[in-house]
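Residue-level structure breakdown
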Amino acid sequence: MNSVALAQSAYSSSNAIAPSERDVEYRAFARITRDLSKLESDAKGDFASLAKALHENRRLWSILARAVASEDNALPEQLRGQIFYLSEFTQAHSRKVLDGDATVAPLVEINTAVMRGLRATVAA
């Protein structure tokens, strides 16, 4: 087999397994939630790691809030409102965590619930 055939073979197989948007969202939530969970279980976690994990989570939720605020978004209006509310909650709760007035546990719970919903959507 020549190099052109090998390249075509390699690219054609990667296109066949390209992840869906939901799969990409799930992976983002999984990575961020894993990082938050590590901090939750590690009582001696450093502030820089905490701030970084919270920043990534807030950034993800900001992206979701912008997406559901768009008039082009095809999700049902009620679900869009719920996602927007969760984004606002995440922003506010993250500030409390950074101030030392709260734990990351509610953020982990919310992200885990979203991941279950994304997985159910992918399976359906």
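Here is a short report on the structure shown in this document. Computed from a predicted structure; not experimentally measured.

Points about the overall build of the protein
- Each helix and strand counted, the protein has 5 helices and 0 strands in total.
- Each helix (α) and strand (β) of the protein, taken in turn from the N terminus, gives the series α-α-α-α-α.
- Long-range contacts, defined as pairs at least 24 residues apart, comprise 65% of the intrachain contacts of the protein with a sequence gap of at least 6.
- Put simply, the protein shows about 8,300 Å² of open surface, and 56% of that area lies on carbon and sulfur atoms.

Quick look at the nonpolar core
- Phe-29, Leu-36, Leu-50, Leu-54, Trp-61 and Val-104 are the most contacted members of the largest nonpolar core, which has 20 residues in total.
- Elements represented by at least two residues in this core include exactly helix H2 (21-41), helix H3 (47-69), helix H4 (77-99) and helix H5 (105-123).
- If you tally residues by element for this core, the top one is H3, at 7 residues.
- Setting aside residues up to four positions removed in sequence, Trp-61 forms contacts with Phe-29, Ile-83, Leu-86, Ser-87, Thr-90, Gln-91, Ile-110, Asn-111 and Val-114.

A few points about the packing of aromatic side chains
- Scanning the model with the defined rule gives 1 aromatic pair in all.
- Ring geometry for Phe-29 against Trp-61: centres 5.6 Å apart, planes inclined by 75°, an arrangement best described as edge-to-face. Of this pair, Phe-29 sits in helix H2 while Trp-61 sits in helix H3, placing them 32 residues apart in sequence.
- One residue, Arg-119, lies across the ring of Tyr-26, its end atom 3.8 Å from the ring centre.

Remarks on H3
- For H3, which comprises 23 residues, the first-to-last C-alpha distance of 32 Å matches the rise-based estimate of 33 Å (1.5 Å per residue) to within 8%.
- Along H3, the residues classified as buried are Leu-50, Ala-53, Leu-54, Glu-56, Asn-57, Leu-60, Trp-61, Leu-64, Ala-65 and Val-68.

Considerations on H4
- Between its first and last C-alpha atoms H4 spans 34 Å; for 23 residues at 1.5 Å apiece the expected length is 33 Å, and the two agree.
- Among all positions of H4, only Arg-80, Ile-83, Ser-87, Thr-90, Gln-91, His-93, Ser-94 and Val-97 are buried.
- Positioned one or two residues after H4, Gly-100 has a phi angle of 85°, which is positive.

Details of the environment of Ser-87
- Tracing the backbone through its elements, the reader meets Ser-87 in helix H4.
- Residues Ser-87 and Ile-63 lie 24 residues apart in sequence; the distance between their C-alpha atoms is 9.1 Å.

Some thoughts on the layout of surface pockets
- Considered as a void within the structure, the largest pocket measures approximately 420 Å³ in volume.
- In this structure, the largest pocket is lined by 19 residues; those nearest its centre are Arg-22, Glu-25, Leu-75, Ile-83 and Leu-118.
- Of all elements in the fold, only H2, H3, H4 and H5 reach the threshold of two or more residues within the lining of the largest pocket.
- Ranked by residues supplied to the lining of the largest pocket, first place goes to H5 with 5 residues.

Cut-offs and rules
Residues numbered from 1 in each chain as written. Predicted model: local features only at pLDDT ≥ 70, side-chain atom pairs only at ≥ 80, totals over all residues. Heavy atoms only, no water. Helix = DSSP H or I, 4+ residues; strand = E, 2+ residues; numbered from the N terminus. Contact = heavy atoms within 4.5 Å. Areas by Shrake-Rupley, 256 points an atom, 1.4 Å probe, with all protein chains shown as cover. Core = buried A, V, L, I, M, F, W, Y, C linked by side-chain atoms within 4.5 Å. Buried < 20%, exposed > 50% of the residue type's maximum accessible area, 1.4 Å probe, protein only. Phe/Tyr/Trp six-rings, centres within 6.5 Å; stacked < 30°, edge-to-face > 60°. Lys NZ or Arg CZ within 6 Å of the ring centre and 35° of its normal. Expected span 1.5 Å × (residues − 1). 1 Å grid on protein atoms, 1.4 Å probe; cavity = no way out; pocket = protein on both sides within 12 Å on 5 of 7 lines; lining within 4 Å. Points joined across faces, edges and corners; volume = space filled by probe spheres on them.

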